[in-house]
Amino acid sequence: MTVATPAKPAVRRPVVKPDRTILLVLFFVVTSVLLIISHQPGMMKSLGPFGDVLRNKVVEALVVSLFLANVLFAYLWKAANWAKLLVGIGSLLFVLPLAGQTDTSLLDLSIQIMIFAALALGLNIVVGLAGLLDLGYVAFFAVGAYTWSIFASPRFGEVLKYYGENPGATGSGTLAIGLVLTGVTAGSMLYIRGLHGRMAPTRLSSLSFLLAGFGLLSGIILVGRSILVLASGSAAAVASGINPGFFWLFLALSIMAAAIVGVLIGLPVLRLKGDYLAIITLGLGEVIRVLANNLGLYTAGSQGITPIGSAPVPWFNSLAGSLGFRPDQYSLLFLYVLVLIVIAVILLVNVRLDKSRIGRAWVAIRDDEIAAQAMGVPLMQTKLIAFATGASFAGVMGMIFAAKQTFISPESFNLLQSITVLSMVVLGGMGSFSGVILGAAVVTLLNLRILPGLGEASANVPWIPQEVNPANFNRFIFGSILVAMMLLRPEGLLPNKRVARELHHEDDQEDESEDGNASGLKQGGDVYSAGLATIKEDDRPGGER
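No experiment lies behind these values; they were computed from the predicted model shown. (Residues numbered from 1 in each chain as written. Predicted model: local features only at pLDDT ≥ 70, side-chain atom pairs only at ≥ 80, totals over all residues. Heavy atoms only, no water.)

Student: Please clarify how the overall build of the protein chain should be interpreted in this entry.
Tutor: In terms of helices and strands, the protein chain carries 24 helices and 0 strands. For the protein chain, the proportion of its 545 residues judged to be buried stands at 43%. Within the structure as shown, the protein chain displays about 28800 Å² of accessible surface, and the carbon and sulfur contribution to it stands at 67%. (Helix = DSSP H or I, 4+ residues; strand = E, 2+ residues; numbered from the N terminus. Buried < 20%, exposed > 50% of the residue type's maximum accessible area, 1.4 Å probe, protein only. Areas by Shrake-Rupley, 256 points an atom, 1.4 Å probe, with all protein chains shown as cover.)

Student: Looking at this structure, I do not really get the packing of aromatic side chains. What am I missing?
Tutor: Note on aromatic pairs: each is described by the distance of the centres and the angle between the planes. If you walk through the whole model with that rule in mind, you get 18 aromatic pairs. Each ring, one from phenylalanine 141 and one from phenylalanine 413, has its centre 5.6 Å from the other, and the planes form 75°; the classification is edge-to-face. You can see phenylalanine 141 sitting in helix H7 (residues 138-151) and its partner phenylalanine 413 sitting in the loop between helix H18 (379-405) and helix H19 (415-428), a full 272 residues away along the chain. The same class applies to phenylalanine 141 and to phenylalanine 413, which are both buried. Ring geometry for phenylalanine 151 and phenylalanine 250: centres 5.2 Å apart, planes at 50°, overall tilted. Here phenylalanine 151, found in helix H7, pairs with phenylalanine 250, found in helix H11 (residues 247-269); they are 99 residues apart in sequence, far enough to count as distant. Clustering of aromatic rings is evident, with ring pairs tying together Trp148, Phe151, Phe156, Phe247, Trp248, Phe250, Trp315, Phe316 and Phe334. (Phe/Tyr/Trp six-rings, centres within 6.5 Å; stacked < 30°, edge-to-face > 60°.)

Student: Sorry, what's going on with the pattern of salt bridges here?
Tutor: Side-chain pairs of opposite charge can arise whenever the charged atoms involved come near each other. Inspection of every chain in the model, using the stated rule, returns 8 salt bridges. The closest approach of N and O atoms between arginine 289 and glutamate 411, which form a salt bridge, is 3.3 Å. Of the two residues, arginine 289 is situated in helix H12 (residues 275-294) and glutamate 411 in the loop between H18 and H19; the sequence distance between them amounts to 122 residues. Overall, the relative accessible area of 18% leaves arginine 289 in the buried class. One salt bridge connects aspartate 367 with arginine 366, and the closest N-O pair in it is separated by 3.3 Å. For arginine 366, a relative accessible area of 21% gives the class partly exposed. Shared partners join several salt bridges into a network, and the residues in it are Glu286, Arg289 and Glu411. (Salt bridge = Lys/Arg side-chain N within 4 Å of Asp/Glu carboxyl O.)

Student: Before we go on, may I ask you to explain the environment of leucine 277 in this structure?
Tutor: Its location among the elements puts leucine 277 in helix H12. Residues leucine 277 and aspartate 134, spaced 143 residues apart in sequence, show a C-alpha to C-alpha distance of 7.1 Å. Residues in contact with leucine 277, not counting those within four places in the same chain, are Leu132, Leu133, Val269, Leu270 and Leu272. (Contact = heavy atoms within 4.5 Å.)

Student: Explain helix H5 (residues 81-100) to me, please; I cannot follow it from the model alone.
Tutor: Three or four residues apart is the spacing at which side chains of an α-helix point the same way, because the helix has 3.6 residues per turn. Here H5 spans 27 Å end to end across 20 residues, near enough to the 28 Å set by a 1.5 Å rise per residue. At serine 91, H5 shows its largest bend, some 50°. When we look at burial in H5, the residues that qualify are Ala83, Val87, Gly90, Ser91, Val95, Leu96, Pro97, Ala99 and Gly100. Each element contacted by the buried residues of H5 is listed here: helix H1 (21-38), helix H4 (57-76), helix H6 (104-129) and helix H15 (330-354). (Expected span 1.5 Å × (residues − 1). Bend = angle between axes of the 7 residues up to and from the residue.)

Okay, structure coming up:
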């Protein structure tokens, strides 16, 4: 038996990326010029054949995609900081609004991409970090949208009118009873919860907690109904919705409402995991849509709610007017800037959470739930925080979506939306913030620009039958992309480093052997561990060797 001479581990030289400052700036200038020209009808007419090429829908979609790639390249490429700032700020704050001045569909597309990016970031916390497969995520998006839509539309006046005509026995006495019931039952629940913290729960205490919860729900319903009956005299005053100035208050309320629904849904289902959790969240997501369909008094059922107001911002309108925007473009431009700010805040919250104790607890649960529990991580509480955090992002974006669309219906929140957001997370890379934003941009561009552009371009080609129009095959194409990603690049387009290491652990081991780190394998002798531990039955201890 021979002992292999320990070899020095091979030192891997760091990969030096070439500086691409000039290339980045040139790419930004060229794509910006192309984007502005391709959205100026008068300028394209003067360009002759080149203008005809730019008018082609496929070419236009390609130009938009290349322009948005500026932000990606500024993030990925090695370049001077001033160039990255120039490209990032110039693309999002100057070139896009300038091009959107003549074609508001470009602003609309940008808002849609950022809304889906925020949704993907929220789902990434639940699926990518905490490892909880949620197929009903769009339910929280719907909660945020309906929270604002009911109050900012004529629907609120209809609700008050109904309660004014059907008050029943409800009055100020009912309000007082509801408030007392709510206070007493809420206090009882807090007391029982504190009792459970000091001693083991008994069957009687658990039953008391459930009873108090039922009483709390009854109290809230009584208070809500009483307020609506007492306020029914103001139905005419809010015939077109509440004062739009409440928009800012409802931004916070939509976050809270979605987070509360996330906790309420999470409490009974988070004891499950894997496929069981996916199936039950899928069902609960559909329950929200069915409720929106059947609660016609509040949601107008399948007819949907319209028109939905937005925030009045006079100083912003003056600024937009001075920049040459038309009055009908003020609201869209304001929502574009608002979404830009909100997604920056969401991204900052994501990064801070990922580096915090709660972020590490999510990853621990995703990797090994039993080990995480053994290390003292409270499973239910940590999972509920993930659910509530992801839901709150969806809630605020649901409200902005409703304000942009000015119309929502239950069909705006079907299962396909949940699957689409999940495909963004998988395509970009689970657990990777930059990856899910890229995934959201790619899927949204495919869905709203590239496939419709291909469909429109192929519509005039006689040998292509209309049955194979690419715009009708978006689900098939998304499914094919997901399957291809799982087979070829399961870590996603921009993977999280931790996830990539886990998925390619075996490959790394083989690579190290190839690089010479396990040189004993190439020398043909027996290989021992670094500590010379016994590895065979008749082997002597390392010290005797």
